[in-house]
Amino acid sequence: MKYMKLGSKPDAFQADGNNIRFVASELAADIVINVGDVKFYLHKFPLLSKSLRLQKLVAATNEDSNDEIDIPDIPGGPAALEVCAKFCYGMIVTLNAYNVVAARCAAEYLEMHETVEKGNLIYKIEVFLSSSILRSWKDSIIVLQTTKSLLPWAEDLKVINHCLDSIASKASMDHSEVDWSYTYNKKKLPSENGLDPHWNGVRKQMSVPKDWWVEDLCDLEMDLYKRVIVAINTKGKVSNDVIGEALKAYAYRRLPGFSKGSLMFGNDPTKTRTILESVIWLLPTEPGSVSCSFLFKILRAASILECSEIYRKELIKRIGQQLQEASVADILVPATMGEAIYDVDLVVSVVEEFVMLDRDTVRNSPVSSEELVEVRSPVFVPASSKIAVAKLIDEYLAEVAKDPNLPLSKFVELADMVSVASRPVHDGLYRAIDMYLKEHPSLTKSEKKKICGLMDCRKLSTDACIHAVQNERLPLRVVVQVLFFEQMRASAATSGSAPEGPSNVKAVFLRENGGSYGSSRSAVTTNTEEDWDGVLTTGDLKSTSLAGRGGGSQRSTSGGNVNKQSDDKSNGKVKGILMPKKMLSKLWSGKGQGCDNSSSDMSESPSPDSINQEDCKSTHSRNTRHSVS
């Protein structure tokens, strides 16, 4: 820390208790100066020779006052007056970053100018500030911190502006030219810790990181920090990602619990809210300047602190511009009201913002009371970003589907926001639907039909199809469609031609299977009661093992034709799905001994006579399952 010593005489100031200061001298004090509760017993000559204001005050006193004057509004209080008085006496006084601003303001108050005496206190302090204090990085920050209690004097004397310019100039310098002390607590490199196996023991001078200055500025209160960031942005030499890193560091330091995702109000929630809103206001407008994860943390905190709707909408807009970077953990924002576990409406708003990037939109902005129209041009969104967002939404739906209070309408609304082209595979969506059906067993037939209508059976992988045909939670119609499209896929793989599904799915399904809905698959062990809680993707489903998968010939129940199932697989995928007995019980669940079909969708199924009697008997032991019409 820089400092300056003034004067040469020994310090003769003494104290009598907490409220009396005097100078040990053979001469009796002839002036008393009151600063609040503190009395200074001093001498006129050294003081009046350097202070024009004291000259005026003494001249205005009358004989009855005994030369006692009051200056309760002197900036810096008793400590600052003592510094000025010692200078007037020629005693040794030390100025540093902590007291120099208070001394400067007090000297201005006492009018200790060059016109009163050459080499007066104001001149000496100005030289010290410009030649020493403001050239030091940390001293500039300390000086700026001390100005908070010296307003408006520090503002009027341009001390704050000088500090801001000094700090902004140093932060904007090329980081390779930085040679002063700074704080940087980030994780050290292996070579710095001595953990690098290839380290030869020679310590090299490490290069200065671009964000070397961000931690030191976290010591500032928000009102000053905000002005510093604005000053740095004005210089235009610091990249937006470094500004974003600085704001992230400040939020982690100043908002209790923010880094752990559990924001605490503390003793002053209003102050915490002000800090958060200021961080949002300072965020760079360029997408990617801050991570999507950090933006979601701010949005979560803004919901907890009930920040202004303006700031929440600004965050939603910025998150929507880089939603493809988010993870499921980022968007699982807890609900702040109601019985729901997660704030699905918030995620819907963010996804809506992402979808709007491809469109021309005209929206009313709530920034002011007057109507402000914002026109946004379409932005090119890469196909990879759309696919990433679709996958993110499917994984999110699988998580929120576990909430028993999640309305079906919210699930469908969010799932429908993704375009068809953005979901080349529907395995993730199938997992989410299955999870919702599991957690909401009381859904009606129409509701099941609605949620299953989100899924395109043609886009399910072979492994997902295997799981689907054994899933008792799915409506019968969906199971039939899965079987049909998988059969067409197997036929196309065998013939080498692309499958082409006609409009009448049921008729083609019958035709492709020789007039039957499939052959018995008694060898397959079906376990539809197991939970499918893992991430159901094609890669994960390939590890699913089913007993009796492949091998052996199966005979059609009505046609008498032999369909041989080969053990050969193309690229690791099964060419066909054998229908288990349990699925036959779904297709031909009967009433009475005739096993009459009870499903309205099964009007074209074969007659009961063609069904093996033991299969028919087995259906009586199971609960009748109706399809969703």
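Scoring rules and cut-offs
In every chain, residue numbers begin from 1 and rise along the written sequence. The predicted origin of the model limits local features to residues at a pLDDT of at least 70 and limits the giving and counting of side-chain atom pairs to 80 or more, whereas totals for whole chains, interfaces and linings rest on all residues. As a rule here, side-chain values cover all heavy atoms of the structure and leave hydrogens and water aside. Runs of H or I in DSSP of at least four residues are treated as helices and runs of E of at least two as strands, each being numbered from the N terminus. For every residue, the accessible area (1.4 Å probe, protein chains only) is compared with the maximum for its type, and the residue is labelled buried under 20%, exposed over 50%, or partly exposed between those bounds. The contact criterion used is simple: two residues touch if any of their non-hydrogen atoms lie within 4.5 Å. For the area figures, the Shrake-Rupley method with a 1.4 Å probe applies, and any residue is considered shielded solely by the protein chains shown. pLDDT is a residue-level measure of predictor confidence that goes from 0 to 100. Two strands pair if DSSP finds at least two bridges between them. Fitted lines through C-alpha atoms serve as axes, helices being fitted only where they are in contact, and the angles separating the N-to-C directions of these axes extend from 0 to 180 degrees. Each nonpolar core is a collection of buried residues, namely Ala, Val, Leu, Ile, Met, Phe, Trp, Tyr and Cys, held together in the definition by side-chain atoms within 4.5 Å. Each salt bridge in this description consists of a side-chain nitrogen of Lys or Arg and a carboxyl oxygen of Asp or Glu lying within 4 Å of one another. Polar contact is the term for a pair of N or O atoms within 3.5 Å; when the atoms are in protein, one must be able to donate a hydrogen and the other to accept it, and sequence-neighboring residues count only if both atoms are side-chain atoms. One fewer than the residue count of a helix, multiplied by 1.5 Å, yields its expected span. Think of it this way: Lys and Arg go in the positive column, Asp and Glu in the negative one, and His and the chain ends go nowhere.

S.K.: Please provide a residue-by-residue account of the overall build of the chain, values included.
M.R.: A tally of regular secondary structure across the chain gives 27 helices and 11 strands. Taken across its 629 residues, the chain has 45% of its residues classed as buried. Counting only contacts in the chain whose residues sit at least 6 apart along the sequence, the fraction spanning at least 24 positions is 71%. Summed over its atoms, the accessible surface of the chain is roughly 31700 Å², and 49% of this surface lies on carbon and sulfur atoms.

S.K.: Talk me through the confidence of the model for the chain; I want residue IDs and the actual numbers.
M.R.: Of the residues in the chain, 70% have a pLDDT of 70 or more, and the chain-wide mean is 77. Confidence scores differ between elements of the chain, with strand E10 (residues 553-555) showing the lowest mean pLDDT of 35 and helix H4 (residues 100-109) the highest of 97. Counted against residues more than four places away or in other chains, residues 360-375, with its pLDDT under 50, gives 24 contacts. Throughout residues 580-584 the model reports pLDDT below 50, and contacts reaching past four residues in sequence, or to other chains, amount to 18 contacts.

S.K.: Account for the environment of Asp-456, with residues named and values stated.
M.R.: Among the secondary structure elements, Asp-456 is positioned in the loop between helix H21 (445-452) and helix H22 (462-469). Under the relative-accessibility criterion, Asp-456 is labelled buried at 19%.

S.K.: I'd love a proper account of the sheet that holds strand E6 (residues 68-70), names of residues and values included.
M.R.: Taken together, the five strands give an open sheet; going across it, the order is E2-E3-E5-E4-E6, and neighbouring strands pair in mixed fashion. What marks the edges here is a single partner per strand, and that holds for strand E2 (13-15) and E6. Going across the sheet, the axis of each strand differs from the next one's by a mean of 20°, ignoring polarity. Two strands pair when backbone bridges link them, and strand E4 (residues 31-35) and E6 are joined in this way by three bridges, in the parallel orientation. Among the inter-strand pairings, Ile-33 is bridged to a residue of E6, identified as Ile-69.

S.K.: Describe the environment of Gly-244, with residues and values.
M.R.: Along the polypeptide, Gly-244 turns up in helix H12 (residues 240-254). Along the primary structure Gly-244 and Ser-289 are separated by 45 residues, whereas in three dimensions their C-alpha atoms are 5.6 Å apart.

S.K.: How would you summarise the pairing of strand E5 (residues 38-42) if you had to cite specific residues and measurements?
M.R.: Along E5, the buried face is formed by Val-38, Phe-40 and Leu-42; none of Lys-39 and Tyr-41, which line the opposite face, is buried. Pairing of strand E3 (residues 20-23) with E5, which is carried by three bridges, proceeds in the parallel orientation. When the bridges of E5 are listed, Phe-22 appears paired with Tyr-41. Here five bridges tie E4 to E5, and the two strands are oriented antiparallel to one another. Directly across from Asn-34, in E5, lies its bridge partner Lys-39. Hairpin connection, E4 to E5: the antiparallel pair is bridged by two residues, and Gly-36 has positive phi, about 65°.

S.K.: Can you explain the nonpolar core? Please cite residues and give values.
M.R.: If you look at the biggest cluster of nonpolar residues, it comprises 163 residues, and the most contacted ones within it are Ile-33 and Trp-213. Of the residues forming this core, the biggest block, nine residues, is contributed by helix H14 (residues 292-305). Those residues in contact with Ile-33 that sit more than four places away from it in its chain are Val-38, Lys-39, Phe-40, Leu-42, Leu-47, Leu-54, Ile-69, Ile-71 and Leu-81.

S.K.: Tell me about the pattern of salt bridges, and please be specific about residues and values.
M.R.: Using the criterion set out here, one finds 24 salt bridges in the structure. The salt bridge involving Arg-104 is made with Glu-126; its shortest N-O contact spans 2.7 Å. Within this pair, whereas Arg-104 is found in helix H4, its partner Glu-126 is found in helix H5 (residues 121-131), the two being separated by 22 residues in sequence. Owing to a relative accessible area of 6%, Arg-104 belongs among the buried residues under this scheme. On the basis of relative accessible area, Glu-126 is assigned to the partly exposed category, the value being 30%. Note that Asp-456 and Arg-458 form a salt bridge whose closest N and O atoms lie 3.2 Å from each other. Here the salt bridges do not stand alone but share partners, grouping Asp-11, Arg-21, Glu-82 and Lys-86 into one network.

S.K.: I'd like a rundown of the environment of His-43, residues and numbers included.
M.R.: Here His-43 lies in the loop between E5 and helix H1 (44-48). Classification of His-43 by relative accessible area gives buried; the value is 8%. Sequence-wise, His-43 and Leu-27 are 16 residues apart; in three dimensions their C-alpha atoms are separated by 8.3 Å. A distance of 3.4 Å separates the side chain of His-43 from the backbone oxygen of Ala-28, its partner in a polar contact. A distance of 2.8 Å separates a polar atom in the side chain of His-43 from a polar atom in the side chain of Tyr-89.

S.K.: Would you mind going over unusual backbone geometry in detail, with residue names and values included?
M.R.: The bulk of non-glycine residues show a negative phi, and the bulk of peptide bonds are trans. In the segment running from Leu-151 into Pro-152, the intervening peptide bond is cis, with an omega of 5°. Residue placement: Pro-152 occurs in the loop between helix H6 (137-146) and helix H7 (153-156). Even without being glycine, Glu-111 reaches a positive phi, approximately 55°. Examined against the element boundaries, Glu-111 turns out to sit in the loop between H4 and H5. Since its relative accessible area comes to 17%, Glu-111 is described here as buried. Its identity as a non-glycine residue notwithstanding, Glu-306 has a phi of 55°, on the positive side.

S.K.: So what about helix H11 (residues 222-235)? Which residues, and what values?
M.R.: With 14 residues, H11 should cover 20 Å at 1.5 Å per step; its first-to-last C-alpha distance of 20 Å lies within 8% of that length. Along H11, the residues classified as buried are Met-222, Leu-224, Tyr-225, Val-228, Ile-229, Ala-231 and Ile-232. Of the surrounding elements, those touching the buried residues of H11 are H6, helix H8 (159-171), helix H10 (214-217), H12 and helix H13 (269-282). Directly beyond the C-terminal end of H11, a positive phi value near 75° is found at Gly-236.

S.K.: I'd like a description of the side chain of Asp-216, backed by residues and values.
M.R.: Topologically, Asp-216 is positioned in helix H10. Although Asp-216 is buried, it forms no salt bridge, and the closest oppositely charged side chain is Lys-138 at an N-O distance of 4.6 Å. For Asp-216, the side chain forms a polar contact with the side chain of Trp-137, separated by 2.9 Å. In terms of polar contacts, Asp-216 uses its side chain to reach the side chain of Thr-183, at 2.7 Å. The contact partners of Asp-216, leaving out residues within four places of it in the chain, are Trp-137, Lys-138, Ile-141, Tyr-182 and Thr-183.

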